[in-house]
Amino acid sequence: MMDLSTSYMGFKLKNPIIAGSSGLTDSVDKITEIEKHGASAVVLRSIFEEEILLEMNAKLQQMSTNGFVYPETVGDYDYFDKVEEETTYKYLKLIRDAKSAVRIPVFASINCVSPKNWTYFPKQIEDAGADAIELNLFILPTDFNRTSADNERVYFSIIDEVQKQASIPVSVKISYYFSNLGKLIQDISKTEVKGIVLFNRFYSPDIDIENLEINSSFVLSNPSDIAISLRWLAIMSCRVNCDLVASTGVHTGKDMIKQLLVGAKAVQVASTLYKNGSQQIGLMLEELKTWMGSKKFESIAEFRGQLSQKHIDNPAAFERVQFMKYFRGFKG
Ligand SMILES: Cc1cc2nc3c(=O)[nH]c(=O)nc-3n(C[C@H](O)[C@H](O)[C@H](O)COP(=O)(O)O)c2cc1C
C-alpha cells in the first residue's frame, strides 16, 4: 500500500496537496468540494490587516460619537477584543463552519504589513478552531527612507507579536523580493514559525495601451512560474529549521513531484484549481502514485529531498556552473 502522507507544521497530512489561500477557499461549500477531491489541508482566503483595522476604527468612532469611548482606550488590545464586526465575524464564522464541515486541517490566513493594533485577532482565530495561521507578509519597498534591514525588521516584529497572541502553529508566506533572500528565509526559520511558504504571488500591474491606463493582469500563474520556487526550495530545504512548502506554478502531478524531490514538505495550489477545477487534485494524486509506482517508491519519505542541494557548501557556485554549461552550449 503506497504511503502518500507527509508532515507539515506538526500535522500529518494524508498527501502533499494543500489548497492555497484564494477565492476558492472562501466558503464552506467550496472547501467541502476541495476536500472531496482529495486535498490534505486548506488555507482559507486571507483576511487583511486593513479590514480588521477599518472595522475596529469604525466601531470605535461610532462608540465615541455615542459617548462610550475615551481616548485612553484606543490601543488597548483587551478593549479591541470585545469589538465584534461584520468582516471579522464572518471570517471567524467561516473558520468554525469549515472546521465542523471537513476533517482536513483548516489554516486561517492574514495578510499583514505591520505589527500594530490588529494582532489581537490571531487569538480569536485560534478560539474559532483554526488549526494554524498563515501570515501573508509583503511590504512593497517603496519608502526610500527605509533600508532593507528596516523593512525586514517589520517581518520579525509581526511574527513575534502574532506568536505572543496565539499558541496554534504559525507559518509565513513571503515573496522573493529580498536583497538577501536565503539568509532571510534561514532567519525566519529560526523564529518559532513552523512553516514558510515559498512564494507568494501578486496582482501585478499591466498597461492597457488602447485606453492608456494601468490595469492588473497575470492573476493566474503559468507552469513556467514554478522555476523560482523550485530553485529556492532546492537551495533552502536542508538549511532551515522549519518546514518549507512550495507555492506558485504547481499545476500538475509532475510539478508536485519536482517540488518534493527538492525538499518541499507539501505544495500549495491555486491557479491550477481555477483553470481545471478541484478534480485536478485527484488527477495530480494519480500522477504521483503512477510515478512512485514506476520508480518503486512506496512512500514520499523515500524520495523527498533527494535532489536538494544539501551536499553543496556554496549553492551559488552550483548555480554559476549550471549557467555556463547550459547557456554557452545553447543553439536556439
Ligand atoms: C484569485 C486568487 C486569489 C488569491 N487570494 C489569496 C489570498 O487571499 N491570500 C493569499 O495568501 N494568497 C492568495 N492568492 C495567492 C495563492 O494562494 C498562491 O500563493 C498563488 O496564486 C501562487 O500559487 P499558484 O501558482 O498555485 O496559483 C490568490 C491567488 C489567486 C489566483
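None of the values given here were measured: they were computed from a predicted structure.

(A) How the structure looks around the packing of aromatic side chains. This structure, assessed with the given rule, holds 12 aromatic pairs. Note on Phe-138 and Tyr-177: the rings are 6.2 Å apart at their centroids and 45° apart in plane angle, and the pair reads as tilted. Remark: Tyr-177 occurs in the loop between strand E8 (170-174) and helix H7 (181-189) and Phe-138 occurs in the loop between strand E7 (132-137) and helix H6 (148-165); sequence separation between them is 39 residues. Within the aromatic cluster, the residues linked to one another by ring pairs are Phe-138, Tyr-176, Tyr-177, Phe-199 and Phe-202.

(B) Region of interest: the site of the ligand. Neighbouring residues of the ligand: 21 residues in total, closest Ser-21, Ser-46, Asn-136, Ser-221 and Ser-271. In this structure, a nitrogen atom belonging to the ligand sits 2.5 Å away from a side-chain N or O atom of Ser-46. Within the backbone of Thr-248, an N or O atom sits 3.4 Å from an oxygen atom of the ligand. The fraction of the free accessible surface of the ligand (610 Å²) that becomes covered by protein chains is 89%. For the shell around the ligand, the secondary-structure elements that each account for two or more residues are strand E13 (266-269) and helix H10 (271-276).

(C) Focus on the confidence of the model for the protein chain. Per-residue pLDDT for the protein chain averages 89, and the proportion of residues at 70 or more is 86%. Taken as a whole, residues 68-84 scores under 50 in pLDDT and shows 26 contacts with residues more than four places along the chain or in a different chain.

(D) Highlighting the pairing of strand E12 (residues 243-247). Burial of E12 is extensive: five of the five residues sit out of reach of the surface. Residue alternation in E12 divides its side chains into two sets, Asp-243, Val-245 and Ser-247 and Leu-244 and Ala-246, and both sets are buried. Of the pairings in the sheet, the one linking strand E9 (residues 195-198) to E12 comprises four bridges and is parallel in character. Opposite Leu-198, over in E12, you have Ala-246 as the bridge partner. Pairing between E12 and E13: three bridges, direction parallel. Looking at E13, one finds that Ser-247 is bridged to Gln-268.

(E) Representation of the side chain of Asn-136. Along the chain, Asn-136 turns up in strand E7. When sequence neighbours within four positions are dropped, the list of residues in contact with Asn-136 reads Ser-46, Ser-109, Ile-110, Asn-111, Cys-112, Lys-173 and Asn-200.

(F) Just the environment of Cys-112, in detail. Note that Cys-112 resides in strand E6 (residues 106-112). In this structure Cys-112 comes out as buried when scored by relative accessible area, which is 1%. Leave out the neighbours within four places in its chain, and Cys-112 touches Glu-49, Trp-118, Leu-135, Asn-136, Leu-137, Phe-138 and Ile-158.

Each value, and the rule that gives it
- Residues numbered from 1 in each chain as written.
- Predicted model: local features only at pLDDT ≥ 70, side-chain atom pairs only at ≥ 80, totals over all residues.
- Heavy atoms only, no water.
- Phe/Tyr/Trp six-rings, centres within 6.5 Å; stacked < 30°, edge-to-face > 60°.
- Helix = DSSP H or I, 4+ residues; strand = E, 2+ residues; numbered from the N terminus.
- Near = heavy atom within 4 Å.
- Polar contact = N/O pair within 3.5 Å; in protein donor to acceptor, adjacent residues only side chain to side chain.
- Areas by Shrake-Rupley, 256 points an atom, 1.4 Å probe, with all protein chains shown as cover.
- pLDDT = per-residue confidence, 0-100.
- Contact = heavy atoms within 4.5 Å.
- Buried < 20%, exposed > 50% of the residue type's maximum accessible area, 1.4 Å probe, protein only.
- Pairing = 2+ DSSP bridges.

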